[in-house]
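# Chains, contacts and geometry: an overview
The primary structure of each chain is shown beneath.
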Number of protein chains: 2
Amino acid sequence: MAEYIAPIKRLIEEFRKLPGVGAKTAVRYAFATLALEEHELEQFADAIIGAKRDVHTCPVCCGLTASEGKCEICSDEYRDPSLICVVESPKDIMVMEKVRSYRGTYHVLGGVLSPIDNISADDLNVKELIARAEQGGIREVIVATNPTPSGDTTAAYLARILEPYNIEVSRLAYGIPVGGDIEYADEVTLHRAMEGRKYFGN
Amino acid sequence: MAEYIAPIKRLIEEFRKLPGVGAKTAVRYAFATLALEEHELEQFADAIIGAKRDVHTCPVCCGLTASEGKCEICSDEYRDPSLICVVESPKDIMVMEKVRSYRGTYHVLGGVLSPIDNISADDLNVKELIARAEQGGIREVIVATNPTPSGDTTAAYLARILEPYNIEVSRLAYGIPVGGDIEYADEVTLHRAMEGRKYFGN
């Protein structure tokens, strides 16, 4: 033996495809799955199938939606459509939604520019963003790509291509995290925090 | 919003059922699943369904097998059937199989005695072990339950009930792990390592 039986091996291999799951974790997941009841397994399997079947892309923001047509946020009339927050991936929308004061809309890029990975503007939802800009009525685009070199490059690129449309383009501020300890901040972050310092009394 | 769309929420909830998977990890898994191709999703879903459909229990050792009837190890004629290594769960067989010198068979208990969790001998595959003992031809039972109080209790219990059959019952040795550092061994392990010390020249 020294090998798991075929159906278990297959299950382990499937779990290994998940991000950050190594051999041991996959084995743990596979045996936990084996312990589930038959109807639970069917429910689990159906939820996975549903990932394609029940999920659609919003034609406006390129985010995900359960119904065809515009997503919940894009069709929410209490949202400010003149404000667009550009994020890398659909799940970043949920991250930004934690900022309860933000009542604008979103645009999902689907990644960032990365020459190394051969990802150019054509691979991202850039033309959809330009289409929104061309339609007019956009006041500001807040670029919320990750604080990485690729995220910065992408933000600068978007600022440049949106220039003709008279739209203000901004980027999330860099700085020390609230509640963090200066001692543990890296020097690049500290440098950015110095650069972006706020003066009192203004 | 502030909530994921229904099919994603469903998928997140399914992944949260896996051991050690919290909210953030489940979200990560769900979005990684979303990124899979349709045929990959079907394959994943089918592997999960297969966990019940294609996995059977060996009538001899209570381990898992892909075919009905005896498992691969129990039907391997190069294995010594007079030697049984008792393990808690089917996956522990694979752990023990790493000890390549072991050529006996196994018996999966399906847990350990635990009055707190209301697990008695009737909930474990104890009667199947007794049936094997009654059939005769068993020389030794090596109890490889985990080094926990419940594991110890279970080992002692098995030793007692196997007494009438004239079978030697042993337990895996406690001690410091090979390659480990004495500094990091806890005092109970050190105490057991002292107790089980080997004399040179014997």
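Residues numbered from 1 in each chain as written. Chains lettered and ligands numbered in written order. Predicted model: local features only at pLDDT ≥ 70, side-chain atom pairs only at ≥ 80, totals over all residues.

### Considerations on the domain arrangement of chain A
Worth spelling out the cut-off: Here the bounds of each domain stem from an automatic or database domain assignment.
Domain boundaries assigned for chain A yield domain 1 (6–53) and domain 2 (57–171). One C-alpha centre belongs to domain 1 of chain A, the other to domain 2 of chain A; they are set 33 Å apart.

### Focus on the pairing of strand 4 (residues 104–108) of chain A
Residues and elements named next belong to chain A. Going by this rule: Put plainly, a residue is buried at 20 or more neighbouring C-beta atoms within 10 Å of its own, exposed at 12 or fewer, and partly exposed in between, counting only other residues' C-beta atoms, which are placed from the backbone. Under the DSSP-based scheme used, a helix requires at least four consecutive residues in state H or I and a strand at least two consecutive residues in state E, with every element numbered from the N terminus. Between any two strands, at least two bridges found by DSSP are needed for them to pair. Note on handedness: a clockwise path from strand one over the helix to strand two, with the strands aimed away from the viewer, defines a right-handed crossover.
Most of strand 4 sits out of view: 4 of its 5 residues are buried. Two strands pair when backbone bridges link them, and strand 3 (residues 80–87) and strand 4 are joined in this way by 5 bridges, in the parallel orientation. Bridge assignment links Asp80 to a residue of strand 4, and that residue is Gly104. Taking the sense of rotation as the criterion, the β-α-β connection linking strand 3, helix 4 (residues 90–97) and strand 4 turns out right-handed.

### Some thoughts on the confidence of the model for chain A
The following threshold applies: In predicted models, pLDDT denotes the confidence assigned by the predictor to each residue on a 0 to 100 scale.
On average, chain A scores 88 in pLDDT, and the residues at 70 or more come to 97%. Reported confidences for the modelled complex are a pTM of 0.73 and an ipTM of 0.74.

### Concerning the relation of the copies chain B and chain A
Under the convention used in this document: C-alpha atoms of residues with pLDDT of at least 70 in both copies form the basis for the least-squares superposition of the copies. Remark: residues whose backbone-derived C-beta atoms lie within 7 Å of one another are considered to be in contact.
You can overlay chain B on chain A at an RMSD of 0.1 Å; the transform is a turn of 180 degrees with a shift of 0.1 Å along its axis. Seen this way, the second copy is the image of the first under a two-fold rotation axis. Among all residues of chain B, the one whose C-alpha sits closest to the rotation axis is Ala45(B), at a distance of 2.1 Å. Taken as a fraction of all interface residues of chain B, those also at the interface in chain A reach 100%, which identifies the copy contact as same-surface.

### Things to note about the sheet that holds strand 6 (residues 168–171) of chain B
Each strand in a sheet pairs with its neighbour through backbone hydrogen bonds, running either in the same direction (parallel) or in the opposite one (antiparallel). Residues and elements named next belong to chain B. Note the threshold: Angular values range over 0 to 180 degrees, each being the angle between N-to-C directions of two axes fitted as lines to C-alpha atoms, with helices fitted over their stretch in contact.
A sheet is described by the order of its strands in space; here 4 strands give the open sequence 4-3-5-6, paired in parallel fashion. Of all the strands in the sheet, just strand 4 (104–108) and strand 6 have a single pairing partner and so form its edges. On average, each strand axis in the sheet is tilted by 25 degrees relative to the strand beside it, whichever way the strands run. Lying on the sheet, helix 4 (residues 90–97) is in contact with strand 3 (80–87) and strand 4; it crosses strand 3 at an angle near 115 degrees.

### Brief notes about the interface of chain B and chain A
The line we're drawing: Classification convention: Asp, Glu, Lys, Arg as charged; Ala, Val, Leu, Ile, Met, Phe, Trp, Tyr, Cys, Pro as nonpolar; all other residues, Gly among them, as polar.
Counting from both sides, the interface comprises 41 residues of chain B and, opposite them, 41 residues of chain A. Elements with a contribution of two residues or more to the side of chain B that touches chain A: helix 1 (6–16), helix 2 (23–34), helix 3 (38–53), strand 2 (64–65) and helix 4 of chain B. Among the elements that make up the side of chain B that touches chain A, the one with the highest residue count is helix 3 of chain B (12 residues). Its residues placed into classes, the side of chain B that touches chain A shows 27 nonpolar, 4 polar and 10 charged.

### Re the sheet that holds strand 3 of chain A
Residues and elements named next belong to chain A. Taken in spatial order, the 4 strands make up an open sheet running 4-3-5-6, and their pairing is parallel. Across the chains shown, the open sheet's two edge strands, defined by having one partner strand only, are strand 4 and strand 6 (168–171). Strand-to-strand twist in this sheet, taken as the mean axis angle between neighbours without regard to direction, amounts to 25 degrees. The pairing of strand 5 (residues 140–143) with strand 6 spans 4 bridges and is parallel. Of the residues in strand 6, the one forming a bridge with Val143 is Arg171.

### Some details on the pairing of strand 3 of chain A
Pairing of strand 3 of chain A with strand 5 of chain A involves 4 bridges; the strand directions are parallel. Paired with Leu83(A) across the two strands is Glu140(A), which belongs to strand 5 of chain A.

### A closer look at the packing of helix 3 (residues 38–53) of chain A against helix 1 of chain B
In helix packing, the relevant descriptors are the interaxial angle and the interaxial distance, both defined with respect to the helix axes. Here is the rule: Angle categories: roughly parallel below 35 degrees, roughly antiparallel above 145, roughly perpendicular from 65 to 115, and oblique for all the rest. Left-handed describes a crossing in which the near helix is turned anticlockwise from the far one by less than a right angle; the clockwise case is right-handed.
Interaxial distance between helix 3 of chain A and helix 1 of chain B falls to 9 Å at its minimum, and their mutual angle equals 140 degrees. Relative to helix 1 of chain B, helix 3 of chain A is oriented oblique. For the element pair helix 3 of chain A and helix 1 of chain B, the recorded crossing hand is left-handed. In this structure, helix 3 of chain A contributes Gln43(A), Phe44(A), Ala47(A), Ile48(A), Gly50(A) and Ala51(A) to the contact, and helix 1 of chain B contributes Pro7(B), Arg10(B), Leu11(B) and Glu14(B). In terms of residue class, the contact of helix 3 of chain A with helix 1 of chain B is built from 6 nonpolar, 2 polar and 2 charged.

### With respect to the nonpolar core
Filter applied, for reference: The term nonpolar core refers to a set of buried Ala, Val, Leu, Ile, Met, Phe, Trp, Tyr and Cys residues connected through C-beta atoms within 7 Å.
Core analysis: the largest hydrophobic core is formed by 32 residues, its most contacted members being Leu11(A), Ile48(A), Leu11(B) and Ile48(B). Those elements giving two or more residues to this core turn out to be helix 1 (6–16), helix 2 (23–34) and helix 3 of chain A together with helix 1, helix 2 and helix 3 of chain B. Core analysis: the second largest hydrophobic core is formed by 26 residues, Cys61(B), Ile84(B), Val87(B) and Leu109(B) among them.

### Focus: the environment of Val112(B)
Residues and elements named next belong to chain B. With respect to the helices, strands and loops of the structure, Val112 is situated in the loop between strand 4 and helix 5 (126–135). Separated by 37 residues in the primary sequence, Val112 and Pro149 have C-alpha atoms spaced 9.8 Å apart. When residues no more than four places from it in sequence are discounted, the contact partners of Val112 are Glu88, Thr145, Ser150, Gly151 and Thr154.

### Notes on helix 1 of chain B
As a reminder, the rule being used: Note that the arc is computed from the directions linking the helix axis to the C-beta atoms.
Among the residues of helix 1 of chain B, Pro7(B), Ile8(B), Leu11(B), Ile12(B), Glu14(B) and Phe15(B) are the ones counted as buried. Taken end-on, helix 1 of chain B shows its buried residues confined to a sector of 160 degrees, consistent with a single buried face. Buried residues belonging to helix 1 of chain B abut helix 3 and strand 2 (64–65) of chain A together with helix 2 of chain B.

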